Amino acid sequence: MREKDPRQIQAELAMPFAPEDLEWRLQKVVEARELGIAVPYVTNRAIMSRLDDVVGPENWYNDFKPWHGAAGKEAQLCGISIRYGDGFITKWDGAEDSDIEPVKGGLSDSMKRAAVQWGIGRVLYNMDVVFVDVEKRGKTWCIKKDQQERLDYAYLKMLGKLNLTPAPAGGLRPPAVPEEPVGGPKLAPEPQPPEAKASETKGKKKSDRGACVVRSIKENKGMNGVVSTALVLENAVGTCLEVFARGSYPDLAVGTVITDLRLAKKQTDTVVYYMLEDFNLADTQPQAA
């Protein structure tokens, strides 16, 4: 903290988040067409992690105060304080209590808004309108679970236009950086060439990378129950590469040697990542990824 000047702190706080660190809410629903407009928010867990990483957990704190909102509805104010020199600077913002778990929702939303005062998640104000398919669960309209790739794509596309790259993920969902959206919004569908999916796998061969050692492995389980695995692999010359795989791999652990890797390079605007599609455990039968 002492070694960083205010401009550096500001830049690090404002770094775009990974899609996994966002949550999406419906802003408007067209019930007759089962369509909605979704807007993104940074999760409170990601906000706290960003503050810890940039200034240190000992150099910031938050404070809450109740407030009387319009039309008699209660509201909450949140102030986020960051140490500068020998004192703290506090920035405040507020939000009305929510309809579900009112006070808890108001506290959570007020912290999100206070974080924006510090530049955290402010880039989300550049998002275009995102239409999603919705469904009714009980009396509440919700975003369909299969729309997550569309939302991730829209967010990453916005960052690409701004020539920005998201920071590493630290959220709850498994890594998900789609190459293109699934389907298209009903109001303005994007053209999807029928040969696109076939071209993704055509001509793929196992890469001749020799043996790699697993240096780290982390299993992620999303809110929709989908499991993915993030690994860091080191080759014979000491080069490390982070890759992702779908599913769970109980046979893999730190120090496990794998061979005959088949990696698929994915790219969306400025974001490049690798999917582990196939490999062999050393001296064992092939394992499908």
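Everything here concerns the structure above.
## Section: the side chain of Thr229
For Thr229, the position within the fold is in strand β9 (residues 227-234). For Thr229, a relative accessible area of 2% gives the class buried. One polar contact links the side chain of Thr229 to the main-chain carbonyl oxygen of Gly247, over a distance of 2.7 Å. Contacts of Thr229, omitting those with residues within four sequence positions, involve Ile217, Lys218, Glu219, Val243, Phe244, Ala245, Gly247, Ser248 and Tyr249.

## Looking at the nonpolar core
Residues Leu13, Trp24, Leu51, Ile80, Ile120 and Tyr155 are the most contacted members of the largest nonpolar core, which totals 35 residues. In terms of residue count, helix α4 (residues 148-161) provides more of this core than any other element does, 6 residues in total. Discounting residues that sit within four places of it in the chain, Leu13 has contacts with Arg50, Leu51, Val54, Ile82, Trp118, Gly119 and Ile120. Leu231, Leu263, Leu276 and Leu281 belong to the second largest nonpolar core, which has 14 residues in total.

## Overview of the sheet that holds strand β3 (residues 60-68)
If you trace the 3 strands from one edge of the open sheet to the other, you get β3-β4-β5, paired in antiparallel fashion. In the strand order of this sheet, the two ends are held by β3 and β5 (87-96), each with one partner. Sheet twist, expressed as the average angle between the axes of neighbouring strands with direction ignored, equals 20°. Note that β3 and strand β4 (residues 74-84) share 9 bridges and pair antiparallel. In the strand pairing of β4, Lys65 is matched with Leu77. Contacting β3 and β4, helix α2 (residues 44-55) crosses the sheet at an angle of about 140° to β3.

## Overview of the pattern of salt bridges
The full count for this structure, using the stated rule, is 8 salt bridges. Lys161 is the partner of Asp128 in a salt bridge, and the nearest nitrogen-oxygen pair spans 3.9 Å. Linking Asp128 in the loop between α3 (102-117) and β6 (130-137) with Lys161 in helix α4, this pair joins segments that are 33 residues apart in sequence. Classification of Lys161 by relative accessible area gives exposed; the value is 59%.

Calculation notes
- Residues numbered from 1 in each chain as written.
- Predicted model: local features only at pLDDT ≥ 70, side-chain atom pairs only at ≥ 80, totals over all residues.
- Heavy atoms only, no water.
- Helix = DSSP H or I, 4+ residues; strand = E, 2+ residues; numbered from the N terminus.
- Buried < 20%, exposed > 50% of the residue type's maximum accessible area, 1.4 Å probe, protein only.
- Polar contact = N/O pair within 3.5 Å; in protein donor to acceptor, adjacent residues only side chain to side chain.
- Contact = heavy atoms within 4.5 Å.
- Core = buried A, V, L, I, M, F, W, Y, C linked by side-chain atoms within 4.5 Å.
- Pairing = 2+ DSSP bridges.
- Axes fitted to C-alpha atoms, helices over the stretch in contact; angles between N-to-C directions.
- Salt bridge = Lys/Arg side-chain N within 4 Å of Asp/Glu carboxyl O.

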